[in-house]
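One-letter residues, chain by chain:
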Amino acid sequence: MSLHDDAVLVLKGYEGQDELRQAYLDHLAAHPDGMWKACHAGHVTASALVVDPEHGRVLLTLHRKLRMWLQMGGHCEPGDATLAAAALREATEESGIPGLTLLPGGPVRLDRHAIPAPCHWHFDVQYAALAPRGAAHAISDESLDLRWFAYDEVPEVADESVVRLLEGTRARL
């Protein structure tokens with residue numbers, strides 16, 4: 001099964017955000033290359049909010065290009081077998097934390113956002129990843145900073161998409 005096929009199956013099984021979910025499915029139906037950065041009409045990305053439920057906190061990255069506190073995530077790569085694998089790979093690479101596990105139940109949310117040309121849209125499929133006990137993080141080349149924030153601090157530093165992702169994640173914990 002291709003990554004494109006996996007994304008279609010994941011999205012068909014995703015419950016909630018029906019109109020947005022259909023926009024993702026329509027995009028993939030119209031663009032066989034819709035999983036890849038080279039698709040200038042937009043492409044599916046995968047992200048994961050790294051959570052430490054034991055201490056009531058999340059790990060956010062200060063994105064180098066956007067200069068915003070965000071969850072870990074990014075573009076799918078040819079070696080990614082599934083969307084979940086892409087999200088877990090991105091979270092591990094950007095957090096430096098080995099042993100992350102995705103929260104069961106599939107994606108937590110979908111978030112489509114405009115990006116600068118030559119591309120136009122990121123169709124982000126958002127997961128949550130649980131940090132192992134005693135996790136130590138390491139800043140990657142894609143980050144200016146990496147920091148743990150208590151749940152109630154997130155609205156003060158991050159945009160609404162991250163706040164909604166945290167709310168959806170906490171509802172599943």
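Residues numbered from 1 in each chain as written. Predicted model: local features only at pLDDT ≥ 70, side-chain atom pairs only at ≥ 80, totals over all residues. Heavy atoms only, no water.

A few points about the side chain of serine 143
Then comes step 1: Summarising the element assignment, serine 143 is placed in strand E8 (residues 143-150).
Then comes step 2: The residues contacting serine 143, other than those within four sequence positions of it, are Thr61, Leu62, Arg64 and Glu94. (Helix = DSSP H or I, 4+ residues; strand = E, 2+ residues; numbered from the N terminus. Contact = heavy atoms within 4.5 Å.)

Side note on the layout of surface pockets
Then comes step 1: Volume-wise, the largest pocket comes out at about 930 Å³.
Then comes step 2: Considering the residues around the largest pocket, the lining is formed by 34 residues, among which His63, Leu66, His75, Ile115 and His122 are closest to the centre.
Then comes step 3: Those elements that place two or more of their residues in the lining of the largest pocket are strand E1 (43-52), strand E2 (57-63), strand E4 (72-75), helix H3 (83-95), strand E6 (109-114) and strand E7 (121-130).
Then comes step 4: Of the residues in the lining of the largest pocket, the class split is 10 nonpolar, 12 polar and 12 charged. (1 Å grid on protein atoms, 1.4 Å probe; cavity = no way out; pocket = protein on both sides within 12 Å on 5 of 7 lines; lining within 4 Å. Points joined across faces, edges and corners; volume = space filled by probe spheres on them. Nonpolar A, V, L, I, M, F, W, Y, C, P; charged D, E, K, R; others polar.)

Let's talk about the pattern of salt bridges
Then comes step 1: In the structure shown here, the tally under the stated rule is eight salt bridges.
Then comes step 2: Across the pair arginine 89 and glutamate 93 runs a salt bridge whose closest N-O atoms are separated by 3.3 Å. With arginine 89 and glutamate 93 both in helix H3 and four residues apart, this pair spans about one turn of that helix.
Then comes step 3: Take arginine 89: its relative accessible area is 16%, and that puts it in the buried class.
Then comes step 4: Exposure remark for glutamate 93: the relative accessible area of 39% places this residue in the partly exposed category.
Then comes step 5: Here aspartate 111 and arginine 164 are joined by a salt bridge, their closest N and O atoms 3.7 Å apart. In this pair, aspartate 111 is assigned in strand E6 and arginine 164 in helix H5 (residues 160-172), connecting sequence segments 53 residues apart. (Salt bridge = Lys/Arg side-chain N within 4 Å of Asp/Glu carboxyl O. Buried < 20%, exposed > 50% of the residue type's maximum accessible area, 1.4 Å probe, protein only.)

A word on H3
Then comes step 1: Helix length check: H3, at 13 residues, gives a terminal C-alpha distance of 18 Å against a target of 18 Å (1.5 Å per residue), a fit within 8%.
Then comes step 2: Against the buried residues of H3 lie helix H1 (3-13), E1, E2, E4, E7 and E8.
Then comes step 3: In the segment just after H3, glycine 96 is the residue with positive phi, at about 75 degrees. (Expected span 1.5 Å × (residues − 1).)

A word on H5
Then comes step 1: Taking 1.5 Å of rise per residue, the 13 residues of H5 would be expected to cover 18 Å, and the 19 Å separating its terminal C-alpha atoms lies within 8% of that figure.
Then comes step 2: Those residues of H5 that sit buried are Ser161, Val162, Val163, Leu165, Leu166 and Thr169.
Then comes step 3: Each element contacted by the buried residues of H5 is listed here: E1, E2, strand E3 (69-70), E6, E7 and helix H4 (154-157).

Concerning the packing of H1 against helix H2 (residues 18-30)
Then comes step 1: Look at H1 against H2: their axes get within 10 Å of each other, and the N-to-C directions meet at 155 degrees. The orientation of H1 with respect to H2, classified from their angle, is roughly antiparallel. Remark: the crossing between H1 and H2 carries left-handed chirality. Contact residues: H1 offers His4, Ala7, Val8, Leu11 and Lys12, while H2 offers Arg21, Tyr24, Leu25 and Leu28.
Then comes step 2: Residues that form the contact of H1 with H2 fall into these classes: six nonpolar, one polar and two charged. (Axes fitted to C-alpha atoms, helices over the stretch in contact; angles between N-to-C directions. Parallel < 35°, antiparallel > 145°, perpendicular 65-115°, else oblique. Left-handed = near helix turned anticlockwise from the far one by under 90°.)

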